[in-house]
Amino acid sequence: MDAVDRRILAELQQDGRLTVTELADRIQLSVSPCHRRLKALEQAGVIAGYHARLDPAALGLTFSVIVFVTLCEGDKRAVAAFEEAVTGVTEVITAQRLFGDPDYLLNVVSVDLPAFQRLYDEELSALPGVQRLTSTLVMKNVVANRPLPL
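Residues numbered from 1 in each chain as written. Predicted model: local features only at pLDDT ≥ 70, side-chain atom pairs only at ≥ 80, totals over all residues. Heavy atoms only, no water.

Caption draft 1: View of the nonpolar core. Ranked by size, the top nonpolar core spans 19 residues in total, and within it Val67, Val69, Phe82, Leu106, Phe116 and Leu124 carry the most contacts. In contact with Leu124, not counting residues within four places along its chain, are Val67, Val89, Val92, Leu106, Phe116, Leu119, Val130 and Leu133. In this structure, Ile8, Leu9, Leu18 and Leu41 belong to the second largest nonpolar core, which totals 12 residues. (Core = buried A, V, L, I, M, F, W, Y, C linked by side-chain atoms within 4.5 Å. Buried < 20%, exposed > 50% of the residue type's maximum accessible area, 1.4 Å probe, protein only. Contact = heavy atoms within 4.5 Å.)

Here is the structure:
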């Protein structure tokens, strides 16, 4: 990957809806080489996809919580069961496995506190292998959806 590829990626992180012509113009490259580079970045998996970034508040999802999960067991079977199950909880927008204690960090969104409480009681606490859940409310997002440093 060279400097031109990095400029392509930087532009697409800012606006993934750019046409190839617009992208080529922004990085000062003709359309054909820009298109070839773009396709090569996609095929190499550097560009994993394109999507719309939605505003949770505009969708009524104004309650954001970080949930730390500690599992009873850390063996391969317990980890796999938890990870498979947590992917089915749609309110979990990110789930990260951590080194040490706790085992996982979940970012959860919901409409309000009662909705989160129901989710916590009925789904999160029922996930396989959960020993302990610890939650903290998100007061404010200071940095979110930041482009990767190139």
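Picking up where we left off.
Caption draft 2: The packing of aromatic side chains, seen in detail. In the structure shown here, the tally under the stated rule is 3 aromatic pairs. With 6.1 Å between their ring centres and 40 degrees between their planes, Phe63 and Phe116 make a pair best called tilted. Placement of the pair is Phe63 in strand 1 (residues 63–71) and Phe116 in helix 5 (residues 113–124), with a sequence separation of 53 residues. With respect to class, Phe63 is no different from Phe116; both count as buried. (Phe/Tyr/Trp six-rings, centres within 6.5 Å; stacked < 30°, edge-to-face > 60°. Helix = DSSP H or I, 4+ residues; strand = E, 2+ residues; numbered from the N terminus.)

Caption draft 3: Quick peek at helix 1 (residues 3–14). With 12 residues, helix 1 ought to run about 16 Å at 1.5 Å a step, and its terminal C-alpha atoms sit 17 Å apart, in line with that. Of all the residues in helix 1, the buried ones are Val4, Asp5, Ile8, Leu9 and Leu12. Relative to the axis of helix 1, the buried residues are bounded by an arc of 140 degrees and lie together on one face. Facing away from the buried side of helix 1, by more than 90 degrees, are the exposed residues Ala3 and Gln14. For helix 1, the secondary structure elements touched by its buried residues are helix 2 (20–27) and helix 3 (31–43). Regarding helix 1, its N-cap is Asp2, as a side-chain oxygen of that residue lies 3.1 Å from the backbone nitrogen of Val4 further along. (Expected span 1.5 Å × (residues − 1). Arc of directions from axis to C-beta. Polar contact = N/O pair within 3.5 Å; in protein donor to acceptor, adjacent residues only side chain to side chain.)

Caption draft 4: Just the side chain of Ser110, in detail. Along the polypeptide, Ser110 turns up in strand 3 (residues 104–110). Reaching out from Ser110, the side chain makes a polar contact with the backbone oxygen of Asp112 at a distance of 3.1 Å. Every residue in contact with Ser110, bar those within four places of it in the chain, is listed here: Gly60, Leu61, Thr62, Phe63, Ala115 and Phe116.

Caption draft 5: Fine view of the layout of surface pockets. Each pocket or cavity is described by its volume, and for the largest pocket that value is around 1,600 Å³. Lining the largest pocket are 41 residues, with His51, Arg53, Ala144, Asn145 and Arg146 positioned closest to its centre. Residue assignment for the lining of the largest pocket shows that the elements contributing at least two residues are helix 1, strand 1, strand 2 (92–97) and strand 3. The element that contributes the greatest number of residues to the lining of the largest pocket is helix 1, accounting for 4 residues. (1 Å grid on protein atoms, 1.4 Å probe; cavity = no way out; pocket = protein on both sides within 12 Å on 5 of 7 lines; lining within 4 Å. Points joined across faces, edges and corners; volume = space filled by probe spheres on them.)

Caption draft 6: Just the environment of Leu150, in detail. Relative to the elements of secondary structure, Leu150 occurs in the segment after strand 4 (130–137). The class for Leu150 is partly exposed, based on a relative accessible area of 46%. On a C-alpha basis, the gap between Leu150 and Ala10 in space is 7.0 Å, while along the polypeptide they are 140 residues apart. Among residues more than four places away in sequence, those in contact with Leu150 are Arg6, Leu9, Ala10 and Gln13.

Caption draft 7: Geometry of the pairing of strand 3. Of all 7 residues in strand 3, 6 are buried, a share of seventy percent or more. Strand direction decides the pairing type here: strand 1 and strand 3, joined by 7 bridges, are antiparallel. The residue bridging Val65 from the neighbouring strand is Val108, located in strand 3. Bridge count between strand 2 and strand 3: 5 bridges; the pairing is antiparallel. Opposite Ala95, over in strand 3, you have Leu106 as the bridge partner. Taking the residues between adjacent antiparallel strands as the criterion, strand 2 and strand 3 are bridged by 6 residues, where Gly100 takes a positive phi near 80 degrees. (Pairing = 2+ DSSP bridges.)

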